[in-house]
Amino acid sequence: MRGFLVGFVAALAVLAVLFFSAVKTGQLPARADGAPLPGERWVARTALKAAIAREAPKPPYPYPSSDPEIANGATLYVQNCAVCHGTAHTTPNAIARGLGPIRPPQFARDSVDDDPEGVTYWKIEHGIRFTGMPAYSPALDERSIWALTYFLKRVPKDLPAAANAIWEDPSHVAPPTPMPALPTRPPRRRTAS
Ligand code: HEC
């Protein structure tokens, strides 16, 4: 039993050294324009699904859907999301092309209308780790995130008229209101080299 334990710990130590040298010598992918590692997609997808199953809100949801809320969601979408996810008649721009290894879905084509609202809400609130999908919890309140959720539930084919007008022609939407500056962090201490 003792021999087994020593062997086990030695194997772990070898793996740790191999991993450390892979990181230090740039063998692990650090670029956005490379293919995912074998298994990377599986790990990320499975972890995401499990977290959502545990944490996503279940009905009844706190804010109901209505046509004015969906129109509000359309405006918020143009201000915060269209740069990556596009609108009715756009093609993926430089940002949408360059994000990797997972590109942002273009909702005119890859709609999420089948997903339960709680799942979409969770993704907008918390973002999706290891992808370019930001968390909006630091920027938008709960009601705005529900408005975006209800908008996405109806995109692209089932939008009420006012929201559809914005989705089809987003050019009249004002840019988002600037947010207050983030608190400054104390400068990082540099180690002497
Ligand atoms: C900087 C680019 C970027 C911005 C801005 C962005 N997203 Fe995303 N989003 C992504 C990427 C990349 C993914 C793909 C992640 C994945 O599939 O794991 C994604 C995925 C999603 C998904 C899941 C799609 C699916 O098929 O399950 C939803 C929903 C979503 N975004 C909504 C939004 C909303 C709403 C906003 C604005 C409030 C937004 N995103 C802003 C990059 C972005």
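Here the structure is a predicted model, which means the values were calculated and not measured.

About the criteria used
Residues numbered from 1 in each chain as written. Predicted model: local features only at pLDDT ≥ 70, side-chain atom pairs only at ≥ 80, totals over all residues. Helix = DSSP H or I, 4+ residues; strand = E, 2+ residues; numbered from the N terminus. Rg over C-alpha atoms; globule rule 2.2 N^0.38 Å. Buried ≥ 20, exposed ≤ 12 C-beta atoms within 10 Å, placed from the backbone. Contact = placed C-beta atoms within 7 Å. Core = buried A, V, L, I, M, F, W, Y, C linked by C-beta atoms within 7 Å. Near = placed C-beta within 6 Å. Nonpolar A, V, L, I, M, F, W, Y, C, P; charged D, E, K, R; others polar. Axes fitted to C-alpha atoms, helices over the stretch in contact; angles between N-to-C directions. Parallel < 35°, antiparallel > 145°, perpendicular 65-115°, else oblique. Left-handed = near helix turned anticlockwise from the far one by under 90°.

A. Representation of the overall build of the chain in the model. When helices and strands are tallied, the chain shows 8 helices and 0 strands. For the chain, the C-alpha radius of gyration of 22 Å lies well beyond 16 Å, the compact-globule estimate for 193 residues. When each of the 193 residues of the chain is scored for burial, the buried share is 19%. Partitioning the contacts of the chain with sequence separation of at least 6, the portion at a separation of at least 24 is 70%.

B. Quick look at the nonpolar core. Judged by nonpolar contacts, the single largest core of 23 residues is most densely connected at Ile70, Ala74, Tyr77, Leu148, Phe151 and Ala163. Listed by contribution, the elements that provide at least two residues to this core are α3 (67–80), α6 (117–126), α7 (142–154) and α8 (161–168). For this core, the leading source of residues is α7, giving 7 residues. With residues near it in sequence (within four places) discarded, Leu148 still touches Gly73, Leu76, Tyr77 and Ile124.

C. Main features of the site of the ligand. If you check the shell around the ligand, you find 21 residues, and the closest are Cys81, Cys84, Pro104, Thr131 and Met133. Counting only elements with at least two residues in the shell around the ligand, the list comes to α4 (82–85), α6 and α7. Tallied by class, residues from the shell around the ligand come to 15 nonpolar, 5 polar and 1 charged.

D. Broad picture of the packing of α6 against α7. Two elements in contact, α6 and α7, have axes separated by 9 Å at closest approach and are oriented at 125°. One element, α6, and the other, α7, form an angle in the oblique class. At the point where α6 passes α7, the crossing takes the right-handed sense. Mapping the contact onto sequence places Glu117, Thr120, Tyr121, Ile124 and Glu125 in α6 and Ile145, Trp146, Leu148, Thr149, Tyr150, Leu152 and Lys153 in α7.

E. How the structure looks around unusual backbone geometry. The amide bond that connects Pro59 to the next residue, Pro60, takes the cis arrangement and shows omega of 0°. You can see Pro60 is positioned in the loop between α2 (40–55) and α3. Of the consecutive residues Val155 and Pro156, the connecting peptide bond is found in the cis state with omega at 0°. Within the secondary structure, Pro156 is located in the loop between α7 and α8.

F. A look at the packing of α3 against α7. Interhelical geometry of α3 versus α7 gives an angle of 95° and a closest axis separation of 7 Å. Accordingly, the angle class assigned to the pair α3 and α7 is roughly perpendicular. Counted together, Glu69, Ile70, Asn72, Gly73, Ala74, Leu76 and Tyr77 of α3 and Ser144, Ala147, Leu148, Tyr150, Phe151 and Arg154 of α7 form the full contact between these two elements. Residues belonging to the contact of α3 with α7 are distributed by class as follows: 8 nonpolar, 3 polar and 2 charged.

Interpretation in functional terms is not warranted from these geometric data alone.
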